[in-house]
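One-letter residues, chain by chain:
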Amino acid sequence: MKFIHTSDWHIGRQLHNQSLLDDQRHVLSQIVSLAKTHEVDALIVAGDIYDRSVPPANAVALLDEVLNELIALGIKVIMIAGNHDGHERLGFAARQMQSSGLHIVGPLTAEVSPIHLGSASGDAVFYPLPYAEPATVRQQLDCQVSTHEEAMAELLTQVHQDDSQGLPKVVIAHCFLDGGSESESERPLSIGGADKISPKLFEGFDYTALGHLHGPQYKGTEQIRYSGSILKYSFSEQHQHKSVTLVELAQGETSISLLPIEPLRDVRILEGALDELLAQGVKDPGREDYLMVRLLDKHAILDAMGKLRNVYPNVLHLERTGLMAANEQLAIASDHIKKGELEMFKDFFTQVSGEPMSEAQLELITQTLDELHKGEEGR
């Protein structure tokens, strides 16, 4: 049995109010091509298919397009709901779709329903466990659990007890393993660490396909693995290398390899002085990337964002780290404050007029600032 493990598609997501739908279409097309090239039997999506419970119409249309391509290739698809998904909406008409090879598991049910997939290279049994709060597990399974770990242990009891007839067991879950590496784009499952689950719960299975954490990683053993998200969904992920996981189960052994996927635009952080960044941007092959810029200039700059976007059209966020550092170092004394105002006005005047202030103009603004400060002291 050969399959590709993916997760956290987050279709419909925005990055600093920038739609990522075209970027998602680009990488999802690659995933379909990889599935075809490697002749896989199935594709797994371990939760967070959409970015919110009520996805926009264009996000639904994109998912429909991708699933149609996969099913047309004869590739089975198993999808589970994550914490971002609307479980009932995602699971609509799921029973009718099973006959076509599309298995969607939305709301949690009292019994874990195994999915037996066959292939020329061998069969396997998949156990889909959609994201569920402990309260939901208590209600559905009529058990006493209060943490995510206790809830998962209760669900996995059914998996252990199920007779797979000697076939490999693959668990699909959306959860937070203790010790996992987080990023800023993941929505916390709970407050205070109660969402963390020990990787030991998943020992003994041939493979565990996890979703929720956006960086590709494994915990405990290599078979207990997060595939990671298909795109960088925050600037904290700038150093991550996105991929999908190719898994092959054969003769009691599990073979795992990562298949890189290339984004339409990268997500990066640039840091430096404005003039330096503008100069290097002319030759930057990634000038179309989504960027956060941290300017180190310690003086005021007129329309810094506009100047940057003339070279880097997709600057999404600007931080004036140099200016903030300079401001923090200003003394509280009024003469230092006055000096700071004068220097800032001189910079502002030069940028607006294109030339420095004359002696007469400098004398006039200095006199004006003196009068303003004297007025404040009088009050």
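Residues numbered from 1 in each chain as written. Predicted model: local features only at pLDDT ≥ 70, side-chain atom pairs only at ≥ 80, totals over all residues. Heavy atoms only, no water.

Here we look at the pattern of salt bridges
Should the charged atoms of two oppositely charged side chains come close, the side chains can pair. Under the counting rule described, the total for this entry stands at 10 salt bridges. Of the charged contacts in the structure, one is a salt bridge between arginine 225 and glutamate 222, with a shortest N-O distance of 3.5 Å. The exposure class of arginine 225 is buried, given its relative accessible area of 6%. The closest approach of N and O atoms between glutamate 343 and lysine 346, which form a salt bridge, is 3.7 Å. Here lysine 346 and glutamate 343 lie together in helix H10 (residues 334-353), a separation of 3 residues that amounts to about one turn. Using a relative accessible area of 35% as the deciding quantity, one classes glutamate 343 as partly exposed. The structure contains a network of salt bridges with shared partners spanning Arg268, Asp284 and Asp289. (Salt bridge = Lys/Arg side-chain N within 4 Å of Asp/Glu carboxyl O. Buried < 20%, exposed > 50% of the residue type's maximum accessible area, 1.4 Å probe, protein only. Helix = DSSP H or I, 4+ residues; strand = E, 2+ residues; numbered from the N terminus.)

Some words on the sheet that holds strand E12 (residues 207-211)
A sheet is described by the order of its strands in space; here 6 strands give the open sequence E7-E8-E9-E12-E14-E13, paired in mixed fashion. One side of each edge strand has no neighbouring strand; the edge strands of this open sheet are strand E7 (115-117) and strand E13 (217-218). (Pairing = 2+ DSSP bridges.)

What about the environment of proline 263?
Counting through the fold element by element, proline 263 comes out in the loop between strand E16 (253-260) and strand E17 (267-272). With relative accessibility at 31%, the residue proline 263 sits in the partly exposed group. The sequence separation of proline 263 and asparagine 68 amounts to 195 residues, and the corresponding C-alpha distance is 22 Å. For proline 263, the residues in contact, after removing those within four places along its chain, are His26, Val27 and Leu231. (Contact = heavy atoms within 4.5 Å.)

Here's the deal with the confidence of the model for the protein
Per-residue confidence for the protein gives a mean pLDDT of 90, with 92% of residues at or over 70. Here residues 330-338 is modelled with pLDDT under 50, and outside its nearest four sequence neighbours on either side it reaches 8 contacts, counting other chains as well. (pLDDT = per-residue confidence, 0-100.)

Observations regarding the environment of histidine 299
Its location among the elements puts histidine 299 in the loop between strand E18 (290-295) and helix H8 (304-311). Ignoring anything within four residues of it in the chain, the contact list for histidine 299 reads Arg320, Leu323 and Asp347.

Here's the deal with the sheet that holds E17
Read from one edge of the open sheet, 3 strands run E17-E18-E19, paired in parallel fashion. Among the strands making up the open sheet, the edge pair consists of E17 and strand E19 (315-319). When the angles between neighbouring strand axes are averaged without regard to direction, this sheet yields 20°. As paired strands, E17 and E18 are joined by 6 bridges and run parallel to one another. Directly across from glutamate 271, in E18, lies its bridge partner arginine 294. Helix H7 (residues 274-281) contacts E17 and E18 of the sheet and is inclined by roughly 130° relative to E17. Across the sheet, H8 touches E18 and E19, and the angle it forms with E19 is around 140°. (Axes fitted to C-alpha atoms, helices over the stretch in contact; angles between N-to-C directions.)

Here we look at empty space enclosed by the protein
Taken as a whole and assessed by the stated rule, the structure comprises 1 cavity of 30 Å³ or more. In this structure, the largest cavity encloses a volume near 90 Å³. Lining of the largest cavity is provided by Pro130, Tyr131, Ala132, Val137, His148, Ala151, Met152, Leu155, His174, Cys175 and Ile197. Residue contributions to the lining of the largest cavity peak at 4 residues, all from helix H6 (residues 148-161). Split by residue class, the lining of the largest cavity holds 9 nonpolar, 2 polar and no charged. (1 Å grid on protein atoms, 1.4 Å probe; cavity = no way out; pocket = protein on both sides within 12 Å on 5 of 7 lines; lining within 4 Å. Points joined across faces, edges and corners; volume = space filled by probe spheres on them. Nonpolar A, V, L, I, M, F, W, Y, C, P; charged D, E, K, R; others polar.)

Focus: unusual backbone geometry
One non-glycine residue, histidine 16, adopts positive backbone phi at about 50°. Following the sequence through the fold, histidine 16 ends up in the loop between strand E2 (14-15) and strand E3 (18-19). Assessed through its relative accessible area of 39%, histidine 16 is described here as partly exposed. Of note, alanine 93 is a non-glycine position whose phi angle comes to about 60°, a positive value. If you trace the backbone, alanine 93 turns up in the loop between helix H3 (87-90) and helix H4 (94-97). For alanine 93, a relative accessible area of 24% corresponds to the partly exposed category.

What about the packing of aromatic side chains?
As enumerated under the stated definition, the model contains 3 aromatic pairs in all. Seen in terms of ring centroids, phenylalanine 3 and tyrosine 207 are 5.7 Å apart; in terms of plane orientation they differ by 70°. Their pairing is edge-to-face. In this pair, phenylalanine 3 sits in strand E1 (residues 2-6) while tyrosine 207 sits in strand E12, placing the two residues 204 residues apart along the sequence. Just as phenylalanine 3 is buried, tyrosine 207 falls in that class too. Consider the rings of phenylalanine 345 and phenylalanine 348, whose centres lie 6.3 Å apart with planes at 50°: the pair is tilted. With phenylalanine 345 and phenylalanine 348 both in helix H10, this residue pair falls 3 residues apart, about one helical turn. Site record: aromatic cluster; members linked through ring pairs are Phe3, Phe126 and Tyr207. (Phe/Tyr/Trp six-rings, centres within 6.5 Å; stacked < 30°, edge-to-face > 60°.)

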